[in-house]
Amino acid sequence: MTRNSLLGVIGGTGFEAFSEFEIERHEFVATPYGKPSCELLHGTLSDRRMVFLSRHGDEHRFLPHQVNYRANLYALMSAGATELIALGAVGGITTDCKPGSIVIPHQILDYTWGRESTFHAGSDRPGTGVLSAHVDFTVPYDPKIRSRLQQAALAAGVPVVTGGVYGVTQGPRLETSAEIDRMERDGANIVGMTAMPEAILARELSLPYAALSMVVNAAAGRGKGQVLLDEIDKVLEQTTLQVLRILARYCRL
Ligand code: HPA
C-alpha cells in the first residue's frame, strides 16, 4: 500500500461522485459475471491515482439486493485496483454510533440471503481446487487500511469510531425494532445492506478491503419514532463532506 498503488473506492448512497476527484477517463469493463453497476471513473484525488465505482450505479439504479457485486469487484480488480475502500450509509444500533458518526468497522455479521456471494460457483473458476473456495475470513476488514484510515481521520480532524460490527441485512426494507434488538444481542453496532457479499468477494480476489460507514439514522427502535428518509438526507450531506476529507488525507499518507 504505497502512494503508487491504485486505490479503488466504491461509493455508496450520497457518494456517486465528488468534485475533488479529478476524472481523467471513463472505462466500461465487461466481466464474466455480467455488467458492473456503471462505468469506472479513473482519475486523481490529492494527486493520488484512484479508480471509482458507484455501487448503486447512475441515478441509484440498483438497490442493495440488486447490485451485481461480483461484476463490480471483478471490474475493479481488472482495472488494476490494489486496495479498496468502501463507502456506505448505515443505521446506528449502539449509543457510540449516533447519526453523524463515521465508523471504521472491524467485523461483519451477515444476514443477507440469495445473493451471488462467491466467485467459486460451479465451473466459474476451472482449475481451482474445491478447498480453495474456503477462504479465511476471520478478519474481514484489512487492518492496515483501517489503521491508515484512522491516521487520515486524525490528521483531517474528523472524529471516527475506530471499530464496530457491521450487521448486513437483505433490504430493501428497513428492519423491525425486534430485529435490531436481536442484532444488538448478536453484537452488531451498525446495520447496513451492502457490506456483504462485497467484503468476501474482495477477499476471494485477494484485494485488501476496508470501509468508512456513515451513520445516517438511528436504527429501528433506537431513535424517536420511525426512521425518516428526509432526516437521513440531511445527515448524509454533512457526513459525506467529512468522509471526503478523510479520503483526501488518506491519499496523501
Ligand atoms: N438499516 C439498514 N440499512 C441502512 C440503514 C438502516 O437503518 N440506514 C442506512 N442504511
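Keep in mind the model is a prediction, meaning the values are calculated, not measured.

Rules and cut-offs
- Residues numbered from 1 in each chain as written.
- Predicted model: local features only at pLDDT ≥ 70, side-chain atom pairs only at ≥ 80, totals over all residues.
- Heavy atoms only, no water.
- Helix = DSSP H or I, 4+ residues; strand = E, 2+ residues; numbered from the N terminus.
- Rg over C-alpha atoms; globule rule 2.2 N^0.38 Å.
- Buried < 20%, exposed > 50% of the residue type's maximum accessible area, 1.4 Å probe, protein only.
- Contact = heavy atoms within 4.5 Å.
- Areas by Shrake-Rupley, 256 points an atom, 1.4 Å probe, with all protein chains shown as cover.
- Lys, Arg positive; Asp, Glu negative; His and termini not counted.
- Charge placed at Lys NZ, Arg CZ, Asp CG, Glu CD.
- Near = heavy atom within 4 Å.
- Polar contact = N/O pair within 3.5 Å; in protein donor to acceptor, adjacent residues only side chain to side chain.
- Nonpolar A, V, L, I, M, F, W, Y, C, P; charged D, E, K, R; others polar.
- Patch = residues over 30% accessible without salt bridge, like charges linked within 9 Å, V, L, I, M, F, W, Y side chains within 5 Å.
- Salt bridge = Lys/Arg side-chain N within 4 Å of Asp/Glu carboxyl O.

Draft legend 1. Geometry of the overall build of the protein. Counting its secondary structure elements, the protein contains 5 helices and 10 strands. For 253 residues, the compact-globule estimate of 2.2 N^0.38 gives 18 Å, and the C-alpha radius of gyration of the protein, at 17 Å, lies within 12% of that figure. By its C-alpha atoms, the protein is 50 × 40 × 30 Å across when sized along the principal axes. A buried classification covers 51% of the 253 residues belonging to the protein. Sequence separation of 24 or more characterises 81% of the internal contacts of the protein that already satisfy a separation of 6 or more. About 11700 Å² of surface is accessible on the protein, with carbon and sulfur atoms providing 52% of the total. Between the mean site of the 24 positive side-chain charges and the mean site of the 27 negative ones, the protein shows a separation of 4 Å.

Draft legend 2. Up close: the site of the ligand. Around the ligand sit Ala89, Val90, Gly91, Leu174, Glu175, Val191, Gly192, Met193, Val216 and Asn217, and those are all the residues in its vicinity. Take Gly91: an N or O atom from its main chain is 3.3 Å from a nitrogen atom of the ligand. Between Asn217 and the ligand, the recorded distance is 2.6 Å, taken from a side-chain N or O atom to a nitrogen atom. Relative to its unbound accessible area of 260 Å², the ligand is 91% covered by the protein chains. Listed by contribution, the elements that provide at least two residues to the shell around the ligand are β5 (83-92), β9 (190-192) and β10 (209-218). Broken down by element, the residue count for the shell around the ligand peaks at 3 residues, all from β5. A breakdown of the residues in the shell around the ligand according to their chemical character gives 6 nonpolar, 3 polar and 1 charged.

Draft legend 3. Layout of a negative patch on the surface. Taken together, Asp230, Glu231, Asp233 and Glu237 make up a surface patch of like negative charges. Tracing the chain through its elements places Glu231 in helix α5 (residues 229-252). Since its relative accessible area comes to 43%, Glu231 is described here as partly exposed.

Draft legend 4. Looking closely at the pattern of salt bridges. Taken as a whole, this structure holds 7 salt bridges when the rule is applied. Salt-bridge contacts for Arg49 lead to Glu24; the nearest nitrogen and oxygen are separated by 3.1 Å. Placement of Arg49 in strand β4 (residues 48-54) and of Glu24 in strand β2 (residues 22-27) is noted, with a sequence separation of 25 residues between them. By relative accessible area, which is 39% here, Arg49 ends up partly exposed.

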